[in-house]
Amino acid sequence: MVKKIISLVLGTVLVLAGIYGLLYLLFFTVDPVRTLYFLVPIGLFAVGIAILWEDLTAFIRRD
């Protein structure tokens, strides 16, 4: 049960960090940003979604 809670918190934090990073790059940077810099928040968001997807599908299936 503790592993599930840690995994859900980690997934949620990664999703929120990805969204925050992407919004920061879009709205608060003055100079042009390289496309490579966008991979970090998008990667964080994708890993968070993958963790949450695995946990929530396991919860729905009642494993």
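Here, every reference points to the structure presented above.
Residues numbered from 1 in each chain as written. Predicted model: local features only at pLDDT ≥ 70, side-chain atom pairs only at ≥ 80, totals over all residues. Heavy atoms only, no water.

Peer 1: Is there a simple way to think about a nonpolar patch on the surface in this case?
Peer 2: A cluster of nonpolar residues, L16, I19, Y20, L23, Y24, L26, F27, F28, F45 and I49, forms a patch on the protein surface that exposes about 1,100 Å² of accessible area. Mapped onto the nonpolar patch, the elements with two or more residues apiece are α1 (2–27) and α2 (39–61). Broken down by element, the nonpolar patch gets its largest block of residues, 7 residues, from α1. Tracing the backbone through its elements, the reader meets Y20 in helix α1. Judged by relative accessible area, which is 59%, Y20 ranks as exposed. (Patch = residues over 30% accessible without salt bridge, like charges linked within 9 Å, V, L, I, M, F, W, Y side chains within 5 Å. Areas by Shrake-Rupley, 256 points an atom, 1.4 Å probe, with all protein chains shown as cover. Salt bridge = Lys/Arg side-chain N within 4 Å of Asp/Glu carboxyl O. Helix = DSSP H or I, 4+ residues; strand = E, 2+ residues; numbered from the N terminus. Buried < 20%, exposed > 50% of the residue type's maximum accessible area, 1.4 Å probe, protein only.)

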